[in-house]
Structure formats: C-alpha cells, structure tokens
Amino acid sequence: MSEAEGRLKHDLLHAYHILDADGQASGIAGHLTARLPGADCFWSHQWGVGFDEVRADGLIEADFDLRTTRGQGRVNPTLHIHTRIYRARPDVTCIIHTHGKAGVALGCAGMTLEPITQTGAVFHDDIALFDEFHGIVLDTNEGDAIAAALGPKRGLLLKNHGALVVGASVAEACIGMTVLEWAADVQLRAAAAGPLQKLDPAAAAQSKKFLLDAANLGLRWDFLKRKIARSRPFLGETS
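Everything quoted here is computed from the prediction, not taken from an experiment. (Residues numbered from 1 in each chain as written. Predicted model: local features only at pLDDT ≥ 70, side-chain atom pairs only at ≥ 80, totals over all residues. Heavy atoms only, no water.)

Student: Honestly, the overall build of the chain in this entry has me stumped. Any pointers?
Tutor: Summing up its helical and strand segments, the chain has seven helices and eight strands in all. For the chain, the spread of C-alpha atoms along the three principal axes comes to 50 × 40 × 30 Å. The buried share of the chain, taken over its 239 residues, is 51%. Approximately 10800 Å² of the chain is accessible, and the part contributed by carbon and sulfur atoms is 54%. Taken as two groups, the 24 positive and 28 negative side-chain charges of the chain have centres that lie 3 Å from each other. (Helix = DSSP H or I, 4+ residues; strand = E, 2+ residues; numbered from the N terminus. Buried < 20%, exposed > 50% of the residue type's maximum accessible area, 1.4 Å probe, protein only. Areas by Shrake-Rupley, 256 points an atom, 1.4 Å probe, with all protein chains shown as cover. Lys, Arg positive; Asp, Glu negative; His and termini not counted. Charge placed at Lys NZ, Arg CZ, Asp CG, Glu CD.)

Written as structure tokens, this is what we have:
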C-alpha cells in the first residue's frame, strides 16, 4: 500500500466516525467512498455495516462495476450514485451521501440551501436540487441523472431522499457534509420564524473563499480527528 493510499484510508476511517457522531450514520444506508485522484476504483465499507462499526481492516476496494477488488465482503449495491459521479468528475476524490434529518427535510420541501449564514456560505452558488425520485438507485441510469444534476457543484439535495457532498479530499467532503446538515437545520428554523435574510453575494463569496482555504480546512480537519479520537481511542491506533 502506497503512502498516499494509507493517508486516504486513514482519513476515510475517521470520516465515518465523525459523521456517525454528527448523527448522519443513516443506519446501514449511508454512503462514504474515496479514491486516489483519477482512479477507476474506490474504497468504501462493507454493505450491512454501520458507520460506527467501520474499522480499518473492514475497508473494501471496489471497481466501478461494484466488484470487490481488495478486502472481504461487498459494497452497498446503490453505489452507482458514486461511480457515475466519479466518471463525470475527475476532480472528485471523496463522495458522501447521508440521510440527515435536516437535509432530508429541506429536500422534501423542494428547497435548496440558501446563503443565510456565514458557515453555510461554503455552499454559496455550489449546491443544487435533484427534483426527482424514482425509488432506490440500483442502476447506472439513475446514477447518471444524479451526476448530471450535481454538475460542477459540491453539494446536492435529493428530493424525498437525502443529501450528497463531493470534495477534492476526504476532509473537504466530510466537513462539507457536517456544514450542510447544520446549515439546513438553521434554515428550517429560520424559515419557521420569518422570511429568510440572505447574505450579500459578495460577503457570501468572501466567506466561502476563507472557509475553503486549504490551511483552514486542514486545521478544522485535524480538530475533528482529534475530537473523535478522544471518544473512540481505537482511531488513534491508525494514526
């Protein structure tokens, strides 16, 4: 295993547990995958295992036909949501799909995330709504439709389904998903209280640039990994 692959799996493992602690595990239905830049295979966890149960030796490498190439077991059969995005977006290294309550609620209302908070501005002009639902995604056609709806953006709300975030790194995608769920919750609360007050576009763009700065992402990611390792000491064994 190369050093780059080792770092990828290290971050992937931590992301599972960070999202679990954030309340976004989705039972056995959540998706989290990562690949080396441009690779036509990816790492994920065993189908039927919850985010809180994932360990380093349980990670599986699979190809874009969802066939296991390294490890034991098989991956989630709905992962063509990911494979089709990877094919369409060579810039994407990590994809996360969860069913957090706030993200699901926003999509069920036919809404997308609005730039109303400094933190949520990370998705300013960078999130879309997939305004369709055809049932469980078990083929590449639906994966292609989701990839097309995402386009070049970083986030997607799937109507009647959940939320999806992509990133150039595991850190970017994982932080993005925690922010999306938090911002969706704030938006639902604000909308119940009165009309939404959106950020000025220039201020939203400035906030987004700061929050996505590589150094700031790195600091935040290191903090999240330290925090989750304190409550789940076995993660420290993978450092």
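Student: How do you make sense of the environment of alanine 29 when you look at a structure like this?
Tutor: Here alanine 29 lies in the loop between α1 (3-21) and β1 (31-34). Beyond its immediate stretch of four places on either side in the chain, alanine 29 contacts Asn76 and His99. (Contact = heavy atoms within 4.5 Å.)

Student: Looking at this structure, I do not really get empty space enclosed by the protein. What am I missing?
Tutor: Over the atoms, a rolling probe the size of a water molecule traces out where space has been left empty. Tallying each qualifying case throughout the model produces one cavity of 30 Å³ or more. Looking at the largest cavity, its volume works out to about 40 Å³. Contributing to the lining of the largest cavity are 11 residues, with Phe130, Glu132, Phe133, Glu142 and His161 lying nearest its centre. Residues that form the lining of the largest cavity fall into these classes: five nonpolar, three polar and three charged. (1 Å grid on protein atoms, 1.4 Å probe; cavity = no way out; pocket = protein on both sides within 12 Å on 5 of 7 lines; lining within 4 Å. Points joined across faces, edges and corners; volume = space filled by probe spheres on them. Nonpolar A, V, L, I, M, F, W, Y, C, P; charged D, E, K, R; others polar.)

Student: So what exactly am I meant to see when it comes to the layout of surface pockets here?
Tutor: Estimates place the volume of the largest pocket at around 330 Å³. Ile18, Asp22, Thr178, Leu224 and Lys227 are the residues nearest the centre of the largest pocket, which is lined by 13 residues in total. Breaking the lining of the largest pocket down by element, the ones donating at least two residues are α1, α5 (170-193) and α7 (214-231). Of all the elements, α7 adds the most residues to the lining of the largest pocket, at six residues. Here the residues of the lining of the largest pocket are counted per class, giving seven nonpolar, three polar and three charged. Here the second largest pocket is characterised by a volume of approximately 210 Å³. Ala4, Arg7, Leu8, Asp11, Leu36, Pro37, Thr93, Ala168, Ser169, Val170 and Ala171 together form the lining of the second largest pocket. Secondary structure elements with two or more residues in the lining of the second largest pocket: α1 and α5. Here the element with the most residues in the lining of the second largest pocket is α1; it accounts for four residues.

Student: Explanation requested: helix α2 (residues 80-88) in the structure shown.
Tutor: Owing to its 3.6 residues per turn, the α-helix aligns residues three or four sequence positions apart on the same side. The buried fraction of α2 amounts to seven of the nine residues, a majority that puts the element mostly inside the structure. Where α2 is buried, its residues meet β1, β2 (41-45), β5 (94-98), α4 (140-150) and β8 (162-167).

Student: Help me out: how do you make sense of the environment of glutamine 118 in this one?
Tutor: Secondary-structure assignment places glutamine 118 in the loop between α3 (101-108) and β6 (127-130). A relative accessible area of 59% means that glutamine 118 is categorised as exposed. Sequence-distant contacts of glutamine 118, defined by excluding residues within four places in its chain, comprise Leu199, Ser207 and Leu211.

Student: Got a minute to help me understand the packing of α2 against α4 in this structure?
Tutor: Two quantities define a packed helix pair, namely the angle between the axes and the distance from one axis to the other. Where α2 meets α4, the axes come as close as 8 Å, and the angle between the chain directions of the two elements is 55°. The orientation of α2 relative to α4 falls into the category oblique. In terms of crossing hand, the pair formed by α2 and α4 is right-handed. Here α2 contributes His80, Ile81, Arg84, Ile85 and Ala88 to the contact with α4, which in turn contributes Thr140, Gly143, Asp144, Ile146, Ala147 and Leu150. (Axes fitted to C-alpha atoms, helices over the stretch in contact; angles between N-to-C directions. Parallel < 35°, antiparallel > 145°, perpendicular 65-115°, else oblique. Left-handed = near helix turned anticlockwise from the far one by under 90°.)

Student: In this structure, what is going on with α1? I would like to understand it.
Tutor: Between its terminal C-alpha atoms α1 stretches 27 Å, which fits the 27 Å expected from 19 residues at 1.5 Å a residue. Of all the 19 residues making up α1, 14 are buried; the element is thus mostly covered by neighbouring parts of the structure. (Expected span 1.5 Å × (residues − 1).)

No statement about biological role is implied by the geometric values presented.
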